[in-house]
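Examining the three-dimensional arrangement
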Amino acid sequence: MQETAVPSAPPTPPVSLAALLSRDDLGLRQITGPPAGEVTIHGAHTSEMSDPYPYLLGGELLLTAGVHIPEAAGRPGSFDFDGYVARIVAAGGAALGFGVAPVHDTVPAGLVAACEEHGLPLVEVPPRTTFSGVARAVWQLMARARLSELRRITEAQQGLAAAASRPDPVPSVLRRLAGRLEGRAVLYGPEGAEIAAAGREPGDEVRRALAELARFVTGHPSSTATDTVAGTRLAAYALDPGRGFVLGVAAPHRESGDHTIASVAAVLLSLLTGEHQSGTGAARSSALVRLLLGARREEVAPLLGGGEGDGAVTRWYVVHARPDTGAPDAVSASALGAALGSPLVDAADDVVRVLVPAPPRAEDGGGVRERDGGVRPEGDGSVRPEGDGSVRPEAGAAPPRKPPAGSGPAGSGPAGSGPAGSGPVAQPGWTLGVSAPVAPAEWPAADAQAARALARARATRSALVRHAERPGFADLVPPGEAEAHARALLAPIGGVPALAETLRAWLSLHGSWDRTAVALSVHRNTVRQRIARCAALLGADLDDPDVRMELWFALRHLRG
């Protein structure tokens, strides 16, 4: 039966009767009843009442010296042992402790028989052990269990927080939660489908019941519900009422702190699955509709927003990113977009693309403008421009890292950006390629820039590579003439796109076979074969730097 439950704090864990019996200083001995390891005690209570039912809360070890039992109780019919034990069981008593002396020299046989009949553990308390000593031992064991449980919860919270900071935060949190609970953890989407899961696979009956429980919490005011199916404890947590995401947990057993641990995971998953708000969803929807109906990019760009209080955005970065491990999923891609300060994210295949609003221009206080027309980031000496128009980390310099929230200098860019004018910064667990800041009409060109920058970042094993256009000798040639010359020069390989692509990557990486292979995701021998084929078709000596320069000039001006 499904029931709602939202405990405010983890309850004090019970102790095992076996732990109490193992105390040599008490000298307790179990006479009858289930194995001590299967009996849990929530407290100790002393009563000499013939009917202790009204005074028990449930789960207690009831202690009695049998004052209410006449000495002649050994004779048949002199005392209703069966009724006495039945009332203890009905009240939820966990066990009965009978003190030998001063009233009775031994445990009455009728009491032993009644406890055995009702399955109530019966423990003999020797004359030297006081009831207060037994109660103190119970509370000591419970205090130790409480401390151990708090340590377990604290370690679990730290582990879940660390998992949430990984490049694949949602799968990592689910794996950590499933490991802690020794069960199954599932994230359900708004439509009820499994988005991600971790842990041991349950049976069909349990899996269906957990999915049903997840649907239950989405349609009811309570955010938490529990159930038990086939001996498996189930729990469902609505991450954010109204959005439909639900965390489902299935575990073979349930400890007192498990709900607290699962609640921490639910809070983290709620943050990870929440939409990063940078401009309203209605405005972004309007921009999409206008694009589909034929509007120009520069017309709809103002609807996309530009962060908090930045005003109209005139320039944008295109970022291409790949996780260092595994493939990106929708949630980790959204988390990356949030870290970079933009909700405009596209996760396709192995690459995540993010459209990031650029900070104000240098003349508006966003950076220092160089004489060559480029913008140099302030306070960041770890990057330098390359001859191919990209920027990569200096040798030996640590890649730029995202500063703590709220610690950026005045005039800094949006979240995930470096000092004003520098654009997006490296993100832990990701490899990034960043375009030059461009107007909306130039987004396709920036997309190609980001793709090339990402390829170079992967080849050089850099956390981030930027593309930064700057004037050069190539700009002295009219674009039309440059394109015509490029087509004529590269005509022999123009019909094989793979050759032109390989030649471009190989030249940009200074003839490195290994790094080109990494950038193109092919074997180094394939690179060698393609470059040899290019040299043969072009009739050129690719070891000649002048030839390389001319080919690079042509490749940069070849369109389509």
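Whatever comes next refers back to the structure up there.
Since the model is a prediction, treat every value here as computed from it, not as a measurement.

Remarks on empty space enclosed by the protein
Using the criterion set out here, one finds three cavities of 30 Å³ or more in the structure. Put simply, the largest cavity is a space of about 50 Å³. Together, Leu181, Arg233, Leu234, Ala235, Val249, Ala251, His253, Arg254 and Asp258 line the largest cavity. At the level of elements, β12 (232-238) and β13 (246-251) are the ones that each hand at least two residues to the lining of the largest cavity. Among the elements that take part in the lining of the largest cavity, β12 stands out by supplying three residues, more than any other. Of the residues that constitute the lining of the largest cavity, the class distribution is five nonpolar, one polar and three charged. The volume enclosed by the second largest cavity comes to roughly 40 Å³. In this structure, the second largest cavity is lined by Arg184, Val186, Tyr188, Glu194, Glu201, Pro202, Arg207 and Leu210. For the lining of the second largest cavity, the elements supplying multiple residues, two or more each, are β9 (184-188) and α6 (204-218). When residues of the lining of the second largest cavity are assigned to their parent elements, the largest contribution, three residues, is made by β9. Looking at side-chain class alone, the lining of the second largest cavity contains four nonpolar, no polar and four charged residues.

Re the pattern of salt bridges
Under the defined criterion, the tally for this structure stands at 13 salt bridges. Between Glu149 and Arg152 there is a salt bridge, with its nearest N and O atoms 2.8 Å apart. Of this pair, Glu149 and Arg152 are both found in helix α4 (residues 131-164), three residues apart, which corresponds to roughly one turn of the helix. Each member of the pair, Glu149 as well as Arg152, is classed as buried. By sharing partners, the salt bridges in this structure join Arg184, Glu201, Asp204 and Arg207 into a single network.

Description of the packing of aromatic side chains
Taken as a whole, this structure holds four aromatic pairs when the rule is applied. Here Trp316 and Trp443 contribute two aromatic rings whose centre-to-centre distance is 5.8 Å and whose plane-to-plane angle is 90°, an arrangement assigned as edge-to-face. Note that Trp316 is positioned in strand β14 (residues 316-323) and Trp443 in helix α11 (residues 443-460), a separation of 127 residues in sequence. Site record: aromatic cluster; members linked through ring pairs are Phe79, Phe81 and Tyr84. The residue whose ring lies beneath Arg87 is Tyr53, and the NZ or CZ to ring-centre distance is 4.1 Å.

Brief notes about helix α13 (residues 497-508)
Given a rise of 1.5 Å per residue, 12 residues ought to cover 16 Å, and the 17 Å separating the end C-alpha atoms of α13 matches this to within 8%. Leu499, Ala500, Thr502, Leu503, Ala505, Trp506, Leu507 and Ser508 are the residues of α13 that are buried. Close packing links the buried residues of α13 with α11, α12 (479-494), α14 (513-520), α15 (524-538) and α16 (545-557). His510 occupies a position one or two residues after α13 and carries a positive phi of about 60°.

A word on a negative patch on the surface
Taken together, the side chains of Asp80, Asp82, Glu116 and Glu117 present a region of like negative charge at the surface. Tracing the backbone through its elements, the reader meets Asp82 in helix α2 (residues 81-90).

Observations concerning unusual backbone geometry
For the bond from Ala101 to Pro102, the omega torsion is 10°, close enough to zero to count as cis. Relative to the helices and strands, Pro102 is located in the loop between β7 (95-99) and α3 (109-118). Positive phi, close to 55°, is recorded for Arg461, a residue that is not glycine. Secondary-structure assignment places Arg461 in the loop between α11 and β22 (464-467). Here Ser521, not a glycine, exhibits a phi torsion of approximately 60°, which is positive. Looking at the secondary structure, you find Ser521 in the loop between α14 and α15.

Here's the deal with the pairing of β9
As a general feature of sheets, a regular strand has side chains that alternate between the two faces. For β9, the tally of buried residues reaches five of five residues, placing the bulk of the element in the interior. Residues Arg184, Val186 and Tyr188 line one face of β9 and the alternating positions Ala185 and Leu187 line the opposite face, and both faces are buried. Alignment of β9 against strand β10 (residues 194-199), held across five bridges, turns out to be antiparallel. Each bridged residue has a counterpart across the sheet, and for Leu187 the counterpart in β10 is Ala196. Joining the antiparallel neighbours β9 and β10 is a turn of five residues, in which Gly192 adopts a positive phi near 90°.

How each quantity is defined
- Sequence order as written defines residue numbering, which begins from 1 separately in each chain.
- At least 70 in pLDDT is required for a residue's local features to be given in this predicted model, at least 80 for side-chain atom pairs to be given and counted, and no such filter applies to totals for whole chains, interfaces and linings, which use all residues.
- Here the side-chain values reflect all heavy atoms present in the structure, with hydrogen atoms and water set aside.
- Cavity: a set of points on a 1 Å grid over the protein atoms alone where a 1.4 Å probe fits but cannot get out. Pocket: an open set with protein on both sides within 12 Å along at least five of seven lines, its lining residues, like those of a cavity, having an atom within 4 Å of a point.
- Grid points are joined across faces, edges and corners, and a volume is the space filled by probe spheres set on the points.
- Secondary structure elements follow DSSP: runs of H or I no shorter than four residues count as helices, runs of E no shorter than two count as strands, and numbering proceeds from the N terminus.
- Amino acids are sorted into nonpolar (Ala, Val, Leu, Ile, Met, Phe, Trp, Tyr, Cys and Pro), charged (Asp, Glu, Lys and Arg) and polar (every other residue, Gly among them).
- By definition, a salt bridge exists where a carboxyl oxygen of Asp or Glu is found within 4 Å of a side-chain nitrogen of Lys or Arg.
- Using a 1.4 Å probe on the protein chains alone, a residue whose accessible area is under 20% of its type maximum counts as buried, one over 50% counts as exposed, and one in between counts as partly exposed.
- Pairing of aromatic rings covers Phe, Tyr and the six-membered ring of Trp, with a centre-to-centre limit of 6.5 Å; geometry is then stacked below 30 degrees between planes, edge-to-face above 60, and tilted otherwise.
- Any Lys NZ or Arg CZ that is within 6 Å of a ring centre and within 35 degrees of that ring's normal is treated as a charge sitting over the ring.
- The span one expects for a helix is its residue count, reduced by one, times 1.5 Å.
- Should any heavy atoms of two residues lie within 4.5 Å, those residues are considered in contact.
- The patches described consist of residues with a relative accessible area above 30% and no salt bridge, like charges being joined within 9 Å and nonpolar side chains (Val, Leu, Ile, Met, Phe, Trp, Tyr) within 5 Å.
- Accessibility throughout is a Shrake-Rupley quantity obtained with a 1.4 Å probe, and a residue counts as covered only by protein chains that appear here.
- Charge convention: Lys and Arg are scored as positive, Asp and Glu as negative, and His as well as the terminal groups of each chain are ignored.
- Note on charges: their place is set at NZ of Lys, CZ of Arg, CG of Asp or CD of Glu.
- Any two strands with at least two DSSP-identified bridges between them are counted as paired.

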